[in-house]
Every structure is written in structure tokens, then in C-alpha cells.
Amino acid sequence: MNTKLRYALNAVLYGLWNLEIRFDEVYQCFLFKLISIFAKLLSPKKYHKKISQRIIKCDEFISRGRHNPKSGYCIGWANSIFGLFYCSFPFFISCLIFGIIVKMLEGNVHPIIIAIVLIIPISALWYPAKKAVYDNNIYLEYFKIFEKEDESWHKKWKRIAIAFCIGGILCDIAGMYMFFVVAIGRFDLWNITPAAQQ
């Protein structure tokens, strides 16, 4: 695989990981403040110090799990998000192929053919990304390089990671739209009326 593409895929995963960490920090801060307020309102004053200490210990424990790039829960979420949105791009191709098959067979498509048409392009295009990012935990080596980059680099790749996710959503929508366009043969899907009313 091209080294620039490998670098970009790992940088997108790194950006998603950082976004997930930031989201989790904000969520955790809000949640712990809410817990602290309710705990102090509902418990006697003598337990307030103990509650604060436990919240601090819990925060430290969660932070260790959050920032672990090998087995932390934030990298797990980032991996899932990366895989989900990466597979959206080949899903567009699957929808086009499926639309052509439905048009050719006039809608009489066996479910096994549907599964094959959806799985093969996604699997074929997921394999190079998996090899570029996850084989022998290559992403960990890239993460060490990325940590040394400056703040502007980090902001840039967070924006690219967000654009990657938005692009995945748009590919899903466009893929489903193109399936109907190819299968039905019309671009103005919103003006289709039942045959009885025409």
C-alpha cells in the first residue's frame, strides 16, 4: 500500500481517537459533576469529603483507560467508528452494483446474490485498510510519531477525521440513492407516483 495512504489512514484513526478522548472527557466531567451534586444533596455532610475522594479516584482510573492506545476503551470506540465509516465508501460501490443487478434481473434477486454483492466490495476494500492500520499494531508506531507533532497538525487531522465521518455518511446516502436510480431508472425519486394514480 502507498505510504502516503497508510500515513493518512493512521492519522485519521489518531484524529478519531483524540476526538473520542475529548468527547469522553467532557461527558465524564459533566457526569461526575452531576453525581457529585446529587450525592452531596442526598447524603449527610460528613460523607461529602469521602464522596469527593472517590470521584477523584474514579476519574484517575478512567483516565488511565481512556488514554491507553493499545487497550483503552477510547481506542476501541475509535476503531469501531473508523471501520464503520471506512466501509461506507465501498458500500457506495456495492449499491451501484446491486442496482445494476436488480435492473438486469427485473427485481428477481436471490438473497445470496444480495449478500455476495454487498460483502465482496466491502471486504475487498477493507482488507488494505486493515493491513495498513492494524497488522502488527502498526497504528501504535504511527501514534508515537503523531504525538510529537504540533498543535496545528493535530487540529488539521481532527478536522480531516470529522470530514472522513461526514463523507462516510454522505456515501451511504448517495449509495442508497444511486441504487434506486439505477434499479428504477429515474433521478427524481421524490416525484414517483403509484401507477394507479397516473
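In the block above lies the structure referred to throughout.
Attention in this report is confined to the structure presented alongside it. In this text, all values refer to a predicted model and were calculated from it rather than measured experimentally. (Residues numbered from 1 in each chain as written. Predicted model: local features only at pLDDT ≥ 70, side-chain atom pairs only at ≥ 80, totals over all residues. Heavy atoms only, no water.)

### Looking at the environment of Arg66
Mapping Arg66 onto the fold places it in helix α2 (residues 48–66). The spacing of Arg66 and Glu25 is 41 residues in sequence and 8.7 Å in space, taken between C-alpha atoms. In this view, Arg66 contacts Trp17, Ile21, Asp24, Glu25, Gln28, Tyr73 and Cys74; residues no more than four positions away in its chain are not counted. (Helix = DSSP H or I, 4+ residues; strand = E, 2+ residues; numbered from the N terminus. Contact = heavy atoms within 4.5 Å.)

### Regarding the packing of helix α1 (residues 3–42) against helix α3 (residues 73–104)
A pair of packed helices is captured by two measures, namely the crossing angle of their axes and the spacing between those axes. Relative orientation of the contacting elements α1 and α3 amounts to 130 degrees, with a least axis distance of 8 Å. One element, α1, and the other, α3, form an angle in the oblique class. In this structure, the crossing between α1 and α3 has a hand that is right-handed. Contacts between α1 and α3 involve Leu9, Val12, Leu13, Leu16, Trp17, Glu20, Ile21, Asp24 and Gln28 from the first element and Tyr73, Cys74, Ile75, Trp77, Ala78, Asn79, Ile81, Phe82 and Tyr86 from the second. Looking at the contact of α1 with α3 residue by residue, the classes come out as 14 nonpolar, two polar and two charged. (Axes fitted to C-alpha atoms, helices over the stretch in contact; angles between N-to-C directions. Parallel < 35°, antiparallel > 145°, perpendicular 65-115°, else oblique. Left-handed = near helix turned anticlockwise from the far one by under 90°. Nonpolar A, V, L, I, M, F, W, Y, C, P; charged D, E, K, R; others polar.)

### A short note on α3
Taking 1.5 Å per residue, 32 residues should reach 46 Å; α3 reaches 46 Å between its end C-alpha atoms and fits that length. At Phe89, α3 shows its maximal kink, close to 35 degrees; a proline, Pro90, follows between one and four residues later. The first or second residue beyond α3 is Glu106, which carries a positive phi of 55 degrees. (Expected span 1.5 Å × (residues − 1). Bend = angle between axes of the 7 residues up to and from the residue.)

### Points about the pattern of salt bridges
Under the defined criterion, the tally for this structure stands at two salt bridges. We note a salt bridge from Glu25 to Arg22, for which the minimum N-O separation is 3.5 Å. Note that Glu25 and Arg22 are positioned in helix α1 at a spacing of three residues, about one turn of the helix. When its relative accessible area of 27% is taken as the criterion, Glu25 is described as partly exposed. Here Arg66 and Asp24 are joined by a salt bridge, their closest N and O atoms 2.8 Å apart. Placement of the pair is Arg66 in helix α2 and Asp24 in helix α1, with a sequence separation of 42 residues. (Salt bridge = Lys/Arg side-chain N within 4 Å of Asp/Glu carboxyl O. Buried < 20%, exposed > 50% of the residue type's maximum accessible area, 1.4 Å probe, protein only.)

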